[in-house]
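# An overview of the molecular structure
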Amino acid sequence: MVRSIWYMTPPSIHGDVVFRILRGEWTCPWCQAETAKEDGANDIGWVETPLRSRSPRYICDGCAIDVYSTCARDDFETHPYKDIVREVAAMEGIPLDVFRRICVQDQVEIINSQLQKADSPDVQRRRNYLLALLKHL
Ligand SMILES: [Zn+2]
């Protein structure tokens, strides 16, 4: 059985937009593997996140999905990707539990902004799940 999506990532923008905003190339500070370039047409997407402790706050979509999905898991404590989240939190100088709480809180805020646009059952379900999770963090 495929697990339905339980998390929410910030809205994605193209690499060429990041390039224009920052007036230059930007390499993802978490994976160091993706770079936003002037011609970003085939580039991976980018998101702005409060999980970055200083500006610029752009990370690549791949890192966003890994970190946001893992922080939102109810089996976070035993999940193998917890180590990835731990590394990123250490990179940002934020304690792991605080980092995870900021992440889930951000997801709830993203969902709240989406609900104003479209009150879809899927978004509503994710919101209820994340709010319940947040109570335990
Ligand atoms: Zn990345």
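Now for a description of the structure that goes with this document. (Residues numbered from 1 in each chain as written. Predicted model: local features only at pLDDT ≥ 70, side-chain atom pairs only at ≥ 80, totals over all residues.)

### Looking at helix α2 (residues 61-71)
All of the buried residues along α2 are Cys 63, Ala 64, Val 67, Tyr 68, Thr 70 and Cys 71. The arc that holds every buried residue of α2, seen down its axis, measures 165°, which confines them to one face. (Buried ≥ 20, exposed ≤ 12 C-beta atoms within 10 Å, placed from the backbone. Helix = DSSP H or I, 4+ residues; strand = E, 2+ residues; numbered from the N terminus. Arc of directions from axis to C-beta.)

### So, the nonpolar core
Ile 59, Val 67 and Tyr 68 are the most contacted members of the largest nonpolar core, which has 30 residues in total. At the level of secondary structure, the elements contributing two or more residues to this core comprise α1 (15-22), β3 (46-48), β4 (58-60), α2, α3 (82-92), α4 (96-117) and α5 (121-134). Apart from residues lying up to four places away in sequence, Val 67 is in contact with Ile 84, Val 85, Val 88 and Cys 103. (Core = buried A, V, L, I, M, F, W, Y, C linked by C-beta atoms within 7 Å. Contact = placed C-beta atoms within 7 Å.)

### Concerning the environment of Val 123
The topology assignment puts Val 123 in helix α5. The partly exposed category is assigned to Val 123, around which 17 C-beta atoms lie within 10 Å. Through-space distance from the C-alpha of Val 123 to that of Asn 112 is 9.0 Å; in sequence the pair is 11 residues apart. Other than its neighbours up to four places away in sequence, Val 123 contacts Ile 111, Gln 114 and Leu 115.

### Re unusual backbone geometry
For the bond from Ser 55 to Pro 56, the omega torsion is -10°, close enough to zero to count as cis. Notably, Arg 23 is not glycine yet its phi reads approximately 55°, a positive angle. Among the secondary structure elements, Arg 23 is positioned in the loop between α1 and β1 (26-27).

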